[in-house]
Amino acid sequence: MPDRTVTEEKPQTSRTPAPGPAPAPEPPARDLPPGPKGRWLVGNGLDLRRDQMGFFTRMQREHGNAVTINLGRGGRLFLFSAPEAIERILVVNAANYTSREVNLPSMPFLGDGLLNIDGDFHHAQRALVQPALSRRRVESYADVMLGYTETMLAAWAADQVVDMHLAMQQLTLRIVARALFGVDLADASGPFGRAFNAILDYDEDHGLLPKLRLDLPFTAYGRYQRARRFLDREIFALVAARHQVAAEDVMTTLLQTGLQDRQVRDHTITLLAAGHETTSNLLTFTFHLLSRNPAQRGALQAELARVLAGRRPSLADLPDLPLLDMVIKESLRLYPPAWVIGRRARADDAVLGHRLPAGAFELMSQWVVHRRPDLWPHADEFLPERFTQPVSPFAYFPFGGGPRTCIGMPFAQQEAKLILAAILQRYVPELVPGQRLVLEPRVTLRPAGGTYMRLLQAAA
Ligand code: HEM
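A quick note: this is a predicted structure, and the numbers were derived from the prediction, not measured. (Residues numbered from 1 in each chain as written. Predicted model: local features only at pLDDT ≥ 70, side-chain atom pairs only at ≥ 80, totals over all residues.)

## Examining helix α12 (residues 261-292)
In step 1: Taking 1.5 Å of rise per residue, 32 residues should cover 46 Å, and α12 covers 47 Å from first to last C-alpha, within 8% of that figure.
In step 2: Burial analysis of α12 places 27 of its 32 residues in the buried class, the great majority of the element. (Helix = DSSP H or I, 4+ residues; strand = E, 2+ residues; numbered from the N terminus. Expected span 1.5 Å × (residues − 1). Buried ≥ 20, exposed ≤ 12 C-beta atoms within 10 Å, placed from the backbone.)

## Topic: the site of the ligand
In step 1: As a matter of local geometry, the ligand sits amid 24 residues, with Ala274, Gly275, Gly400, Cys406 and Gly408 nearest to it.
In step 2: Contributing elements (two or more residues each) for the shell around the ligand: α12 and α16 (409-426).
In step 3: Broken down by element, the shell around the ligand gets its largest block of residues, seven residues, from α12.
In step 4: A breakdown of the residues in the shell around the ligand according to their chemical character gives 15 nonpolar, seven polar and two charged. (Near = placed C-beta within 6 Å. Nonpolar A, V, L, I, M, F, W, Y, C, P; charged D, E, K, R; others polar.)

## Observations regarding the environment of isoleucine 117
In step 1: Turning to its location among the elements, isoleucine 117 is positioned in the loop between α4 (100-103) and α5 (119-129).
In step 2: The spatial distance from the C-alpha of isoleucine 117 to the C-alpha of asparagine 103 is 8.9 Å, given a sequence separation of 14 residues.
In step 3: Setting aside residues up to four positions removed in sequence, isoleucine 117 forms contacts with Arg100, Asp112, His122 and Gln125. (Contact = placed C-beta atoms within 7 Å.)

## With respect to the sheet that holds strand β12 (residues 452-457)
In step 1: Across the sheet, three strands lie side by side as β4-β12-β9; this open sheet has antiparallel pairing. Among the strands making up the open sheet, the edge pair consists of β4 (161-163) and β9 (427-431). The sheet shows a mean angle of 40° between the axes of neighbouring strands, direction not considered. (Pairing = 2+ DSSP bridges. Axes fitted to C-alpha atoms, helices over the stretch in contact; angles between N-to-C directions.)

## Some points on the sheet that holds strand β2 (residues 76-80)
In step 1: Reading across the sheet, the five strands line up as β1-β2-β8-β5-β3 and stay open at both edges, with mixed pairing between neighbours. Two strands in the sheet have a free side with no partner beyond their single neighbour: β1 (66-70) and β3 (97-98).
In step 2: When β2 meets strand β8 (residues 361-364), the two strands line up parallel, connected through four bridges. If you follow leucine 77 over to β8, its bridge partner there is phenylalanine 361.
In step 3: Across the sheet, helix α2 (residues 52-63) lies against β1 and β2, angled at about 125° from β1, the strand it touches most.

## A few points about the pairing of β8
In step 1: Where burial is concerned, the two faces of β8 agree: the one with Phe361 and Leu363 and the one with Glu362 and Met364 are both buried.
In step 2: With four bridges connecting them, strand β5 (residues 341-345) and β8 associate as antiparallel partners. The partner of isoleucine 341 across the bridge, within β8, is methionine 364.

## Quick word on the packing of α12 against α16
In step 1: Direction vectors running N to C along α12 and α16 enclose 40°, while the axes themselves pass 10 Å from each other. By the angle between their axes, α12 is oblique relative to α16. Crossing geometry of α12 relative to α16 is assigned as right-handed. On α16, the residues that touch Gly275, Thr278, Thr279, Leu282, Leu283 and Thr286 of α12 are Phe411, Ala412, Glu415, Ala416, Ile419 and Leu420.
In step 2: Classifying every residue of the contact of α12 with α16 by side-chain character gives seven nonpolar, four polar and one charged. (Parallel < 35°, antiparallel > 145°, perpendicular 65-115°, else oblique. Left-handed = near helix turned anticlockwise from the far one by under 90°.)

## Things to note about α2
In step 1: Across its 12 residues, α2 extends 16 Å between first and last C-alpha, which sits within 8% of the 16 Å expected from 1.5 Å per residue.
In step 2: Every buried residue of α2 is accounted for by Phe56, Met59 and Gln60. The arc that holds the buried residues of α2, viewed along the axis, is 95°, so those residues lie on one side. Across α2 from its buried face, at more than 90 degrees, point the exposed residues Arg61 and Glu62.
In step 3: Where the residues of α2 are buried, they touch β1, β2 and α15 (366-369). (Arc of directions from axis to C-beta.)

## Considerations on the nonpolar core
In step 1: Counting 115 residues, the largest nonpolar core has Phe78, Leu79, Phe80, Leu180 and Ile419 as the members making the most contacts within it.
In step 2: Residue-level mapping places this core at the junction of two domains, with at least three residues from each of domain 1 (1-106 + 341-375) and domain 2 (107-338 + 398-457).
In step 3: Aside from chain neighbours lying at most four places away, what touches leucine 79 is Phe56, Met59, Gln60, Val67, Ile69 and Leu363. (Core = buried A, V, L, I, M, F, W, Y, C linked by C-beta atoms within 7 Å. Domains from an automatic or database assignment.)

## Considerations on the confidence of the model for the protein
In step 1: Per-residue pLDDT for the protein averages 89, and the proportion of residues at 70 or more is 89%.
In step 2: Counting interchain partners and residues more than four positions distant, the pLDDT-below-50 stretch residues 1-20 has 59 contacts.
In step 3: Ignoring residues within four places in sequence, the model shows residues 206-211, a span with pLDDT below 50, making eight contacts including any to other chains. (pLDDT = per-residue confidence, 0-100.)

## A short note on the environment of methionine 409
In step 1: Positionally, methionine 409 belongs in helix α16.
In step 2: With 15 C-beta atoms counted inside 10 Å, the residue methionine 409 sits in the partly exposed group.

## Concerning the environment of lysine 37
In step 1: Inspection of the secondary structure puts lysine 37 in the segment before α1 (45-50).
In step 2: The exposure class of lysine 37 is exposed, given the 8 C-beta atoms found within 10 Å.
In step 3: For the pair lysine 37 and asparagine 70, spaced 33 residues apart in the sequence, the C-alpha separation amounts to 8.1 Å.

## A word on the packing of helix α8 (residues 164-181) against α12
In step 1: The contact between α8 and α12 brings their axes to 8 Å, and the two run at 145°. For the element pair α8 and α12, the recorded crossing hand is right-handed. Residue-level inspection shows Met164, His165, Met168, Gln169, Thr172, Leu173, Val176, Ala177, Leu180 and Phe181 of α8 in contact with α12, the latter providing Thr268, Leu271, Leu272, Gly275, His276, Thr279, Ser280, Leu283, Thr284 and Phe287.
In step 2: For the contact of α8 with α12, the residue count by class is 11 nonpolar, nine polar and no charged.

## A look at the pairing of β2
In step 1: Of all five residues in β2, four are buried; the element is thus mostly enclosed.
In step 2: The antiparallel pairing of β1 with β2 creates a hairpin that spans five residues between the two strands, and glycine 72 there sits at a positive phi of about 60°.

## Considering unusual backbone geometry
In step 1: Positive phi outside glycine occurs at alanine 309, with the angle close to 45°.
In step 2: Unusually for a residue other than glycine, leucine 352 sits at a positive phi of about 55°.
In step 3: Examined against the element boundaries, leucine 352 turns out to sit in the loop between β6 (349-351) and β7 (354-356).
In step 4: Owing to 19 C-beta atoms within 10 Å, leucine 352 belongs among the partly exposed residues under this scheme.

The structure is reproduced here in structure tokens:
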């Protein structure tokens, strides 16, 4: 869940909403959405903390597509699970909903990066960042994506057991760091990678209780502050170097737009944070699904063998690999790495005919909507071919939608395809016996612990 403090309050952002089309009128609002009764004082707070994804699924099944959830002293939140409600909040009336107040408290380290800003400021900054991540620019990173994957593969051998989750984390961090900063984190568990992960873990781990903030060598907060200072020093040194000599990276492109050093730091660190764990989780979940569905895996490997005939995959091959595309889409449906989106209403709105007061905290969960049995036949099954049919908008939103749609979508899609193609060409990764998928819903949905897989040799 992105926000841990869900008390309703007046939005405090000083930025004005981005100009946009006037929102479509909604039917007259009646009451707040219905919801469960909840316990005295704590409401449903305990149920939610025990099993967030299960609880939200139950709320949709039992109370419908608009639910009020009381969290006792924690305030209340509204869960929307109808495509038209999600479209209203993310697109049609997007200017009425702030992300800053949802994200900033849990990710202060990201400063004024895209995730933490709103309104006109977000609109203008997004336009500056966009060209650095356009489909065409992203294509220029194909060699980096494939090169690092091949380096990883060169260290693997048939029959070896690998921790696929760890391998994908290291690989995607190395790729994104190179694309953003031009640096090679040959060892992702080196100082840069360690500092970065220490910060993300601490930021994520805020929880409902405020942490004791003692900046001492042995406290968690002290370690966090040290990592933060280290990373800032490294990044500002890279910025200074880019002022001297331009490089083929996102940082250079951003500096060329005239952005201040601080803003370039906030953007690149946000892209790093948003861009590596999501993609590594997608890849790990996909390997899980393929191992549990050998017929689909066989069909995908046959497609790769037919189209690539053992050669290195290239961008030109991707349009000829439709099953690869559908496997990734289906994986994102079943295990969406961004599993919930939060917003806070600036002013009153009406959604699905219900009143939504100013300050209300809304959640829309990909996990819940992507598995609604009335929207998705055989919702819990891995059926990539379902994507041969068009999908109804906002019944599927793994990359969000509207003005805040994932800016890294072309990067993630290209990266996931190239990595999967390169690995599956050589190996058939099989989950080791007894390896179960335990889900950990944090800021991203991720597999808990390691994901141990044996690398069987793919048929030539
Ligand atoms: C499978 C991989 C990914 C998934 C599932 C994913 C998902 C999402 C979603 C759902 C949002 C919208 C959040 C909201 O509306 O509040 C988002 C935003 C964002 N993503 Fe991604 N993402 C992925 C990969 C990436 C990559 C590779 C990058 C960068 C290289 C990236 C950078 C961002 C940024 C900066 C935003 C904020 C955009 C804005 O607010 O204007 N993401 N992502």
